[in-house]
Structure formats: C-alpha cells, structure tokens
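Examination of the molecular architecture
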Amino acid sequence: MKIDTKKLTIREAHSQMLKGDFTACDLAHACLDNINPELNIFIELFDDVLEQAEKADEMFAKKEATLLTGIPMAIKNNICIKGKRTTAGSKILENYKAVYDATVIRKLKAEGVVFIGGTNLDEFAMGSSTENSAYGVTKNPFDETRVPGGSSGGSAVAVATGACLAALGTDTGGSVRQPASFCGVVGMKSTYGVVSRHGAVAVGSSLDQISPFGKVVDDVQIIFDCIKGNDEMDSTSIPDKVYQEAQVERKNKVIGVPKHFVEKGVDEDVLANFYDSVDRLKNNGYEIKEIDLPNLEYALAVYYIIMPAEVSTNLARYDGVRYGFLKEGENLLEDYLKTKGEGFGKEVRRRIMLGTYILSAGYNDAYYNKALALRDVIKKDFEEVFKTVDAVITPTSPTPAFKIGEKSNDPLQMYLSDIFTVSINVVGIPAISVPSGFVKRDEKDLPLGLQIITPEMREDIMFEISENFLGKSA
Amino acid sequence: MEIKEIENLASLCRIDLSEDEKLELLDEMGSILSFIDQVQTVKLDDKKDVVGSLRNVMREDKNPHTEGKYTEAILEEAPKKEGGYFKVKNIL
C-alpha cells in the first residue's frame, strides 16, 4: 500500500503496523523515498536504516512493540548516536564519530525507533536560518528561495516533507520553535532540566534543551514522554519527584497576551494572524487577558550575553588534541590557533570572541553578572504573570520565513528574529510553536506559528491548549 | 573598541584571524555590544544586583568504570595518538 508519510501520525502508523497494513521496513522505505535532495535536509543518511527497521519488525512479530517501535525519526546532527558521524554542522567535527549514545537516543533506541539520518543545522546550533552550516544551506519546502529557520532547520524540513514521522532538534534560543513555525510543523521546548542534555553538543549549557518536532501535537507529546526524565549524567536534570509535585490542579482557562511586547516590530500580516489566533482561543472558551511583562524587552540582550559567554567556555574544548579536526602549525600554540581559526566557521568565531570579551576582566560585572541578575528579574515577571494566567501567547517569530541571504551579512538583524523565543530559554519555562495559518509572499503560502508558553514544569497545560487550538481550527 | 583589543581577544581564545576578519569583527562587535549595552540602563535593587540563582550541582564520583574500558574507542577519534595516549607537540 502507498504510505503518505506527510500525513501519517505516530498513532496511525503504530496501529497500521500492528494490523499488518505495512511493516516498519515499508515505512522506512516510504520516508527514504520522500527525501528531496534539493532541500539539503540531511548531513548524513544512515546506512543501517533497513537493518534498524528489520529489528523493529521483529519487535512487532514478538509482540514487544511499543508506540514508537518502527517510527522513523530524523535527528539533528548535534545529538550523539554511537558510531554515527556527529558534525554539529561544523568542519571541526567533520569526521567525528560519537563514542556513546545521548540519553535521549538510548531511550528512543529502547523503543525501537528507526533513525533515518543526521539533519543539517547552523554550525554548533548558532543561527536562525540553517544558512551557517559547513554542509550547505537547507531550503524551505514552501519556497526554496527562503530559509527553513534554524538552527534545527534540517529536522523541521524532514518532518514537513515526510522524510520521517518525527524529529529531534535542540532549542537554545528558539532553534526548534522558530523552524517549526517557518515549516508549518509543531515544535516544542521543555522546561530546562526535564530532558537530559547528556550527549547533545553543548552550546549554551544553561539554555539548551533537546526538543521534538512532529506534524501534530500528539506526536510531539509522545516523543517528549519518551525522552523526558531525570538523568544522573546531566547535573541540571530535574528530579522526577520535583516534577510530579509541580503537577497541581489548575483551571487552564486564562491566557495572557503581552500586547506591549507583541506589537513592537512585528510584520503586519503576522500580527493580524496572531489576533486571529487570539480570537480562535476566545471562541474556544478561553478568557484572554492583557498582561505586562515589564522587563521582557531586555531578554534578547540578556540572551546575547549569557549565550556567547557559555559558548566561549564550551567551545574551548575543540583543541585538535582529543577529537575532531587538527590543523598543524610549528608548535602547540600554533596548532590551537590554526585548528580553531580554520575549524570554526565565521559565526562561531564571532560568538567565541564576543563571549570572551563579555567574560574578560573588567567587563564581567558590567555584562555577565548584570545579565544573570536581569535573568532572575525576567523570571520573576513571568512567575508574577502566571499567578493570574495559565499560559502566555505570542507569535513564534516576528516574520514568516525570510529569503536565503537576506540577513546573513547582518548578525544583529539575524539575532532580532529570535525576539519571541529567546526569553523562554532565558527563563527556562516550556513553550511550543503550533501552526497558526499562512501568509502570502511572492505568490507562495508561507506558514506561521503561534507560541504557547506555560509555567515551569507545566508541559501538560501547553499540550492541552495546543490540542484545543489546533483541534478546533477551520 | 580598537583593533588591538580584537587581537588580544583572538589570542585569548586561541583563534587565528585574518586581517580582513579582524576589521570586520571590530565593526560587528561594535554594533552587537551597543545592542547588549541596554542591560546597563536597567536599575536593579542592590539586593538583586548579584549573581543569579543558578548554582552548580555536584555529585559523588562513585562507581568508576574499569580502567581502560573506553580508551580504545575514545582514542579512535584522536587526531594523533601514540601507545594509548593523545599525542601533542612539546609543551615546554
């Protein structure tokens, strides 16, 4: 039978494989057949996809299959899968083969997930467009002259085009939610510490979360339920007991809109679409309340202090000694200088330099410590707001997908495209991007996304509102 | 910021930069720094103006694995190695 992987959900695939309508091998073939090489989705397609699928079929035969058995997934190429090339989109890791599985991969493998390949990303997840990869630009399937968003652009396009049923990305400042919005799929970021970071290439360690993409909210929730949980390999992982205790009853019926923030510098059509979404939620029985997050406007500046600071320390490990690329010079110091100078791309070099400046003597207090203090202030603003509302909504991105090359020469403009998503990582709370409609640009329909933000450890409310929003859409 | 500062930063982070890139970075760092400088305009209470609430989490380094269990796999990824060790140029 013909399998339409662009429409098929995880639950449908599972029940059809249980019934024997098709096998995991058929499903893997269907995904592989859908890969459009023009879009440059994958850095590496795995050579054992069918082997993995055969194992999944054995699990079905032995009646050991779970909901995720045989489900083809694409994995952002900065998440370690043992024995697979994990490049992080960088030349410096061009030939690096992971020596262990990330915790999330270990969990997915246990369910019999079939990994299709490692997807393209902005180098070290630094970027909002998947243009900054050492392995070329990934294109938006809705308009190939436009970016898919980033940094997890390859994963978003893989889901949107049916090259897999679901995917993993990493979200440090919006790197799952923004490409989800640009590609018309669902993408979430969980509360910081709920999903283990062990085995994800570190960027901003106090911001990073491994996060799922899916076509529908249920698919994203299924993946999230599998990969979450305390992990002793991640020292910032939340104890399961703390998470359970946070699940107190709420009514989940009041949604806050930070009007003052949303209306600044946002594309007219995006704003109109956002207010349509507000109306849709109102019609679905939610009470809409205007809220004030007085320090939210500083979130982007805070982010662009904390993130490069953490980047500059995390990326110091790429020294050409233990793993990765080595460019030799006359002596050890020259080895370092040349290895980093040639191995890292431009944006990565820029952020390491910026982070080094921010953390250098004399500027540490003015930038880094001030940003940490402000981070707490913004967090308190959100805590205050969540006393009266159950969720906050914003557009996911201030514009639809932009043109390839449009912002690549202006780093600050690129940074501004993350305005709605970065604050969530700064604060550490969960948020999801769900498709909210389309806007026409150059005769092409481009998807938009609605971001739904909920209190710490309340992914449940986020999923509930998302299902309601999408379920009752026209 | 001056070009000397860019050069100093580059040497601190051990990155070899071309002359063109130094100039480019001088310009870009200027515009990024003037953007993030807005954090300086926020007045915080004295109490709040301290390091944030995030702290390091430590654990006991217990149940170590058998010595050498992962050596081969890890060294497999090293650019240069010799007899179970990473190989680097003279340090002194």
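Preceding block: the structure.
Our subject in this report is the structure included herewith.

Basis of the calculations
- Counting from 1, residues in each chain are numbered in the order their sequence is written.
- All chains are assigned letters beginning at A, and all ligands numbers beginning at 1, according to the order in which they are written.
- At least 70 in pLDDT is required for a residue's local features to be given in this predicted model, at least 80 for side-chain atom pairs to be given and counted, and no such filter applies to totals for whole chains, interfaces and linings, which use all residues.
- Neither water nor hydrogens contribute to the side-chain values; these are computed over all heavy atoms in the structure.
- Throughout this description, the term nonpolar core refers to a set of buried Ala, Val, Leu, Ile, Met, Phe, Trp, Tyr and Cys residues connected via side-chain atoms within 4.5 Å.
- Only protein chains enter the accessibility calculation, which uses a 1.4 Å probe; a residue whose area is less than 20% of its type maximum is buried, one above 50% is exposed, and one in between is partly exposed.
- Each helix is a run of DSSP H or I of at least 4 residues and each strand a run of E of at least 2, with the numbering of both proceeding from the N terminus.
- Contact definition: two residues touch when any of their heavy atoms are within 4.5 Å.
- Salt bridge, as used here, is a side-chain nitrogen of Lys or Arg placed within 4 Å of a carboxyl oxygen of Asp or Glu.
- Under this grouping Gly is polar, as are all residues other than the nonpolar Ala, Val, Leu, Ile, Met, Phe, Trp, Tyr, Cys and Pro and the charged Asp, Glu, Lys and Arg.
- Note that patches include only residues with greater than 30% relative accessible area and no salt bridge, and the join distances are 9 Å for like charges and 5 Å for nonpolar side chains (Val, Leu, Ile, Met, Phe, Trp, Tyr).
- Here the open area of atoms and residues is found with the Shrake-Rupley method and a 1.4 Å probe, where only the protein chains shown may cover a residue.
- The sign given to each residue is positive for Lys and Arg and negative for Asp and Glu; His and the chain ends receive no count.
- Every charge is mapped to an atom, namely NZ of Lys, CZ of Arg, CG of Asp or CD of Glu.
- To estimate the expected span of a helix, count its residues, drop one, and scale the result by 1.5 Å.
- In this description, strands pair whenever DSSP reports at least two bridges between them.
- Think of it like this: strands point away, you trace from the first strand over the helix to the second, and a clockwise trace means the crossover is right-handed.
- We define a polar contact as two N or O atoms separated by no more than 3.5 Å, with the added condition that, inside protein, one atom must be a possible hydrogen donor and the other a possible acceptor, whereas residues neighbouring each other in sequence contribute only through side-chain atom pairs.

Let's talk about the nonpolar core
Within the largest apolar cluster, 174 residues are counted, with the highest numbers of intra-cluster contacts made by Phe124, Leu168 and Phe382 of chain A. When residues in this core are grouped by element, the largest group, 11 residues, is from helix α11 (residues 299–314) of chain A.

Notes on the interface of chain A and chain B
By a widely used convention, the size of an interface equals the accessible area lost when the partners come together. Between chain A and chain B, the residue contacts involve 56 residues of the former and 48 residues of the latter. Of the charged contacts, one joins Lys80 of chain B and Glu328 of chain A as a salt bridge, the two residues approaching to 3.3 Å between their closest N and O atoms. Counting only elements with at least two residues in the side of chain A that touches chain B, the list comes to α11, α12 (332–343), α13 (346–358), α14 (365–385) and α15 (411–416) of chain A. With 10 residues, the single largest contributor to the side of chain A that touches chain B is α14 of chain A. A class-by-class count of the residues in the side of chain A that touches chain B yields 31 nonpolar, 10 polar and 15 charged.

What to know about a nonpolar patch on the surface
All names here are of chain B. On the surface, Tyr70, Ile74 and Phe86 cluster together into a nonpolar patch covering about 270 Å² of accessible area. You can see Phe86 is positioned in strand β2 (residues 85–86). You can call Phe86 partly exposed: its relative accessible area is 35%.

Here we look at the pattern of salt bridges
Residue and element names in this part refer to chain A. Under the definition given, this model contains 34 salt bridges over all chains. Of the charged contacts, one joins Arg11 and Asp218 as a salt bridge, the two residues approaching to 2.5 Å between their closest N and O atoms. Of the two residues, Arg11 sits in helix α1 (residues 10–19) while Asp218 sits in helix α7 (residues 217–227), which places them 207 residues apart along the sequence. Linking Glu347 and Arg350 is a salt bridge whose minimum nitrogen-to-oxygen distance equals 2.1 Å. You can see Glu347 and its partner Arg350 sitting in helix α13, 3 residues apart, about one turn around the helix. Considered together, Glu347 and Arg350 belong to a single accessibility category, that of buried residues. Through salt bridges with shared partners, a single network forms among Asp143, Arg146, Lys403, Asp442 and Lys444.

Examining a negative patch on the surface
On the surface, Asp47, Glu51, Glu54 and Glu58 of chain A cluster together into a patch of negative charge. For Asp47 of chain A, the location among the structural elements is in the loop between β1 (42–45) and α3 (49–61).

Describing α11 of chain A
The end-to-end C-alpha separation of α11 of chain A is 22 Å, in line with the 22 Å expected for 16 residues at 1.5 Å each. Of all the 16 residues making up α11 of chain A, 15 are buried; the element is thus mostly covered by neighbouring parts of the structure.

Overview of the pairing of strand β3 (residues 114–119) of chain A
All names here are of chain A. In terms of burial, β3 is a largely internal element, 6 of the 6 residues being buried. Relative to β3, strand β2 (residues 72–76) is paired through 5 bridges, and the arrangement is parallel. Bridging across to β3, Met73 finds its partner in Phe115. Taking the sense of rotation as the criterion, the β-α-β connection linking β2, helix α4 (residues 103–111) and β3 turns out right-handed.

With respect to the side chain of Asp208 of chain A
Residue and element names in this part refer to chain A. With respect to the helices and strands, the residue Asp208 is situated in the loop between β5 (186–189) and β6 (209–214). Notably, Asp208 is buried but unbridged: the nearest opposite-charge side chain belongs to Arg197, and the N-O separation is 5.2 Å. At 2.6 Å, the side chain of Asp208 and the side chain of Thr172 are in polar contact. Among residues more than four places away in sequence, those in contact with Asp208 are Asp171, Thr172, Tyr192, Arg197, Val201, Ala202 and Val203.

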